[in-house]
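Take a look at the letters that make up each chain.
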Amino acid sequence: VRGDLAEIASLAEQELHHAEVAGDEAAGVGTPSSDTGVVLTPPGPGDVLLRDTTHVFACSVCFDDVLLRAMADALTNRQLFPRFQLLVSLRVLPSTPSLVLVGETQLTTSWNGAARARVYVPADLLDRPEHALPVPALARLLCTGGVCTLPPRLQWGGDAVIRLPRL
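Only a predicted model underlies this, so the values are computations on that prediction, with no experimental measurement involved.

Q: Describe the pairing of strand E2 (residues 86–89), with residues and values.
A: Residue alternation in E2 divides its side chains into two sets, Leu86 and Val88 and Leu87 and Ser89, and both sets are buried. By the bridge criterion, four bridges tie strand E1 (residues 55–58) to E2 in an arrangement that is parallel. From the neighbouring strand, valine 56 faces E2, where its bridge partner is leucine 87. In terms of handedness, the path from E1 via helix H2 (residues 65–75) over to E2 forms a crossover that is right-handed.

Right, dumping it as structure tokens:
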């Protein structure tokens, strides 16, 4: 999906609205409407739903901190993006409580054959079900020689374990 952040957030909100309306209609409550006068069209069978987004790449070299924070907040809003797992950004994100840096990787871009990219995951990652974790990416970024270490913001006490595949 391409577009500016406001347009993408608007599409995500429309999807959320349609999901809520579909639930209301199934229960026999109300009909679709729009307070803004915008015509909301339900997604068709071939449409890609933003709420199904799991991984996002942001070619963010020209984005300012305000936009990057808004993007982080939107992506980690579980009502808008319930399946979001991972963000790859070409620019370091400003400090935000909603995303945690888990590592770096290199990407080929049109201007650089080995551009450095940062990989972020939602701060509430460990509260999510195991099937909703980006396990292959976590294993690649956080494990060396069979030993895996979580960044301090993702560490917690107790006997919690995330099973990572052997590399």
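Q: For the pattern of salt bridges, give the residues involved together with the corresponding values.
A: Following the criterion strictly, the structure yields six salt bridges and no others. The residue aspartate 124 makes a salt bridge to arginine 78 at a minimum N-O spacing of 3.4 Å. Here aspartate 124 is found in the loop between strand E4 (115–122) and helix H3 (135–142), whereas its partner arginine 78 is found in the loop between H2 and E2, with 46 residues between them in sequence. By relative accessible area, which is 38% here, arginine 78 ends up partly exposed. Judged by its relative accessible area of 23%, aspartate 124 falls in the partly exposed class. One network of salt bridges, in which partners are shared, links Arg78, Asp124 and Arg128.

Q: Lay out the side chain of serine 98 with the relevant residues and their values.
A: Tracing the chain through its elements places serine 98 in the loop between E2 and strand E3 (99–107). What makes serine 98 buried here is its relative accessible area of 14%. Within polar-contact distance, the side chain of serine 98 engages the side chain of aspartate 73 at 3.4 Å. A distance of 3.0 Å separates the side chain of serine 98 from the side chain of threonine 96, its partner in a polar contact. Discounting chain neighbours no more than four positions away, the residues touching serine 98 are Ala72, Asp73, Thr76, Val121, Pro122, Ala123 and Arg153.

Conventions adopted
- Residues numbered from 1 in each chain as written.
- Predicted model: local features only at pLDDT ≥ 70, side-chain atom pairs only at ≥ 80, totals over all residues.
- Heavy atoms only, no water.
- Buried < 20%, exposed > 50% of the residue type's maximum accessible area, 1.4 Å probe, protein only.
- Helix = DSSP H or I, 4+ residues; strand = E, 2+ residues; numbered from the N terminus.
- Pairing = 2+ DSSP bridges.
- Right-handed = clockwise from strand over helix to strand, strands pointing away.
- Salt bridge = Lys/Arg side-chain N within 4 Å of Asp/Glu carboxyl O.
- Polar contact = N/O pair within 3.5 Å; in protein donor to acceptor, adjacent residues only side chain to side chain.
- Contact = heavy atoms within 4.5 Å.

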